[in-house]
Every structure is written in C-alpha cells, then in structure tokens.
Amino acid sequence: MLARCACGNVEVDAVGAPIISVACYCDDCQEGSRQVEALQGAPAVLDPDSGTTYTLYRKDRVRYSKGAELLKSLKIREKTDTNRVVATCCNSAMVMKFDDSKHWVPVYRARFGSNAPPLEMRICTKFKSGSGTLPTDVPSYPGFSLKFVGKLLGARIAMMFGR
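Residues numbered from 1 in each chain as written. Predicted model: local features only at pLDDT ≥ 70, side-chain atom pairs only at ≥ 80, totals over all residues. Heavy atoms only, no water.

## As for the environment of Leu70
Position of Leu70 relative to the elements: it lies in the loop between strand E5 (62-66) and strand E6 (71-74). Remark: the alpha-carbon pair of Leu70 and Cys89, spanning 19 residues in sequence, is separated by 6.6 Å. With near-sequence residues (within four places) excluded, Leu70 lies in contact with Asn9, Val10, Val86, Ala87, Thr88 and Cys89. (Helix = DSSP H or I, 4+ residues; strand = E, 2+ residues; numbered from the N terminus. Contact = heavy atoms within 4.5 Å.)

Here it is as structure tokens:
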C-alpha cells in the first residue's frame with residue numbers, strides 16, 4: 001500500500017496487511033498534530049473530533065520508496081522517543097518513528113488517500129479535547145484496549161518467527 005505526501009514527492013510503501021488502524025486522542029498525538037498543522041501549508045492532521053488517525057504496520061514492512069531525503073523528524077519535547085516525520089516539500093505528516101525499540105510504524109492514515117484501510121477503533125479517548133461526542137462507527141476505549149495490545153503483541157511474535 002502506498003502512502004503519499006500531498007504534493008507526491010514523498011512515498012512510503014507499506015507491504016502486507018496492517019496491524020491495525022486507529023484514531024488516537026492522547027495528549028501527545030493532539031499536540032503533535034497541532035504542531036504539524038502549524039507548519040506553513042500543512043494539510044490537516046487532526047480529525048474534527050480531535051483524534052489523529054494512523055494505520056500501524058510492522059517496522060520491517062515499511063520503506064521509503066521516494067523522497068526520503070525530504071523527510072524531517074519533529075519532536076514535541078526534547079527527551080521524547082517519538083518523532084513525527086514530515087515531508088518538507090509540502091509539510092505533510094507521513095509517519096511516526098520511535099527512538100526506542102518499538103516494532104511498529106504508525107503511518108498517518110490520510111496519506112493513503114481513498115485506499116486507506118478502514119478505522120478499527122478509537123484509543124485514549126479519555127484525553128479527547130473539545131466538546132461533542134465521539135462517533136460510534138467503531139469501538140472507543142479510554143486507554144489502550146486489550147485488542148490493540150494483542151494485535152501489537154501478535155505482530156511482534158510474527159516478526160520473531162519471520163512470518
């Protein structure tokens with residue numbers, strides 16, 4: 001599956017089925033999305049309900065197939081392990097990378113365009129900002145659901161066995 005920046009100069013190739021597609025409402029995702037959106041000409045990152053949608057792939061199944069030299073990492077705090085990776089050509093949020101040993105890569109779901117895998121759940125909803133209710137199209141969880149953690153664990157085990 002191909003994820004592209006808004007102007008098409010950067011492409012990320014994600015191979016195989018994703019681990020899961022989620023909307024995250026944690027404070028860091030909201031703040032990171034606001035910071036990316038503040039960049040000149042940046043496309044929207046936050047959903048109207050303050051969530052940020054990602055499709056998670058195993059780290060071994062993601063590669064930068066075009067424009068890797070145009071990517072820039074942004075951190076919301078100096079000592080965080082999380083990097084929001086932006087295509088500098090058009091300030092599109094592309095992926096998140098981690099400085100620690102996490103085995104997954106969240107790809108900003110909007111970068112897949114009309115081919116984006118369907119959203120499966122909303123996580124960390126206890127941090128949702130603003131008023132209004134959450135959509136009821138998929139299950140919502142105040143933190144990390146057991147299903148979410150189970151899918152991450154299953155992906156790690158599959159990687160260990162080369163599947």
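## Observations regarding the environment of Ile123
In this structure, Ile123 sits in strand E10 (residues 121-123). As a C-alpha pair, Ile123 and Ser140 span 17 residues in sequence and 6.0 Å in three-dimensional space. When residues no more than four places from it in sequence are discounted, the contact partners of Ile123 are Val22, Ala23, Cys24, Tyr25, Tyr141, Gly143, Phe144 and Phe148.

## Topic: the nonpolar core
Counting residues in hydrophobic clusters, the biggest one holds 23 residues, and the most contacted among them are Leu56 and Phe148. Of all the elements in the fold, those that place two or more residues in this core are strand E3 (20-24), helix H1 (27-37), strand E4 (52-58), strand E8 (92-98), strand E9 (104-108), E10 and helix H2 (146-160). Other than its neighbours up to four places away in sequence, Phe148 contacts Ile20, Val22, Leu56, Met121 and Ile123. Core analysis: the second largest hydrophobic core is formed by 15 residues, Ala3, Cys5, Val12 and Val105 among them. (Core = buried A, V, L, I, M, F, W, Y, C linked by side-chain atoms within 4.5 Å. Buried < 20%, exposed > 50% of the residue type's maximum accessible area, 1.4 Å probe, protein only.)

## Details of the side chain of Asn91
Relative to the assigned elements, Asn91 resides in the loop between strand E7 (82-87) and E8. Residue contacts for Asn91: discarding those within four places in its chain leaves Val36, Leu39, Gln40, Ala42, Pro43 and Val86.

## With respect to a nonpolar patch on the surface
Together, Leu153, Ile157, Met160 and Phe161 line one region of the surface with nonpolar side chains, adding up to about 440 Å² of accessible area. A residue is classified by how much of its surface remains accessible, and Phe161, at 57% relative accessible area, is exposed. (Patch = residues over 30% accessible without salt bridge, like charges linked within 9 Å, V, L, I, M, F, W, Y side chains within 5 Å. Areas by Shrake-Rupley, 256 points an atom, 1.4 Å probe, with all protein chains shown as cover. Salt bridge = Lys/Arg side-chain N within 4 Å of Asp/Glu carboxyl O.)

## Some thoughts on the sheet that holds E5
The 3 strands lie next to each other as E1-E2-E5, forming an open sheet whose pairing is antiparallel. The open sheet has two edge strands, strand E1 (2-4) and E5, and neither has a second partner. With direction set aside, neighbouring strand axes in the sheet form an average angle of 30°. (Pairing = 2+ DSSP bridges. Axes fitted to C-alpha atoms, helices over the stretch in contact; angles between N-to-C directions.)

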